Amino acid sequence: MASTAQLPTEQQIAALFDKWNAALATGDPNRVADLYAPDAVLLPTVSDIRTSRAGIVDYFTKFLASKPVGKIQERFITVLDPTSAVDTGLYQFTLTDKNGDKSTVNARYTFVYELRGGRWLILNHHSSALPSPG
């Protein structure tokens, strides 16, 4: 029997990054961690793998100190089924140090989302610094 569940649109999946980025802007690591599934895996750019909420909160506690603001540079969204999707591509973060000086970091990313209990949650998030050209 074919499923009658409706597939999410690419725009709906793209908006999940905006929600994540807005959570970063709050400076609250718990708000960010709330967007991850309880069994999520986070492979951050500059830290060890995180597989628990406590580990994810710990990572974002440190990361948010640099006031990160993310911007998608290039993205590819794949809707797998009514309850899962992948958003992958390139993003850039503007970071601000404690002296107010800004820097940027270009990175590759993958977010795997799953619809659970009516909420889209991050099941897997991988981020790695973009290698220098050449």
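Bear in mind the structure is a predicted one, so any value in this text is a computation, not a measurement.

Caption draft 1: Representation of the pattern of salt bridges. Inspection of the entire model under this criterion finds six salt bridges. Taking the shortest distance from any N to any O, the salt bridge between arginine 50 and aspartate 58 comes out at 2.8 Å. Looking at aspartate 58, the relative accessible area reads 32%, which means it is partly exposed. Lysine 62 is the partner of aspartate 58 in a salt bridge, and the nearest nitrogen-oxygen pair spans 2.9 Å. A residue pair is termed a helical-turn pair when its members lie 3 or 4 positions apart in one helix, as aspartate 58 and lysine 62 do in helix H3 (residues 53-63) at four residues. On the accessibility criterion, lysine 62 (55% relative accessible area) is exposed.

Caption draft 2: Summary view of the sheet that holds strand E5 (residues 119-129). Across the sheet, which stays open at both edges, the five strands sit in the order E1-E5-E4-E3-E2 with mixed pairing between neighbours. For this open sheet the edge positions go to strand E1 (36-43) and strand E2 (69-81), each flanked by a neighbour on one side alone. Taking each pair of neighbouring strands and ignoring which way they run, the sheet shows an average axis angle of 20 degrees. Relative to E5, E1 runs parallel, the two sharing four bridges. Each bridged residue has a counterpart across the sheet, and for valine 41 the counterpart in E5 is asparagine 124. Sheet strands in contact with helix H1 (residues 10-25) are E1, E2, strand E3 (84-96), strand E4 (102-116) and E5, and its direction is about 140 degrees off that of E2. Here H3 sits on the sheet and contacts E1 and E3; the angle it forms with E1, its principal contact strand, is near 55 degrees.

Caption draft 3: Structural detail: the pairing of E5. Of the pairings in the sheet, the one linking E4 to E5 comprises 10 bridges and is antiparallel in character. Among the inter-strand pairings, tyrosine 109 is bridged to a residue of E5, identified as serine 127. Linking E4 back to E5 in an antiparallel pair, the connection comprises two residues, with glycine 117 at a positive phi of about 55 degrees.

Caption draft 4: Local environment of the packing of aromatic side chains. Under the defined criterion, the tally for this structure stands at 15 aromatic pairs. Consider the rings of tryptophan 20 and phenylalanine 111, whose centres lie 5.3 Å apart with planes at 70 degrees: the pair is edge-to-face. A residue pair is termed long-range when its members are at least 10 positions apart, and tryptophan 20 in helix H1 and phenylalanine 111 in strand E4 qualify at 91 residues. Of the two residues examined, tryptophan 20 and phenylalanine 111, each falls in the buried class. Three or more aromatic residues joined by ring pairs make a cluster, and in this case those are Phe17, Trp20, Tyr36, Tyr59, Phe60, Phe63, Tyr91, Phe93, Tyr109, Phe111 and Tyr113.

Here is what the cut-offs are and how they apply
Residues numbered from 1 in each chain as written. Predicted model: local features only at pLDDT ≥ 70, side-chain atom pairs only at ≥ 80, totals over all residues. Heavy atoms only, no water. Salt bridge = Lys/Arg side-chain N within 4 Å of Asp/Glu carboxyl O. Buried < 20%, exposed > 50% of the residue type's maximum accessible area, 1.4 Å probe, protein only. Helix = DSSP H or I, 4+ residues; strand = E, 2+ residues; numbered from the N terminus. Pairing = 2+ DSSP bridges. Axes fitted to C-alpha atoms, helices over the stretch in contact; angles between N-to-C directions. Contact = heavy atoms within 4.5 Å. Phe/Tyr/Trp six-rings, centres within 6.5 Å; stacked < 30°, edge-to-face > 60°.

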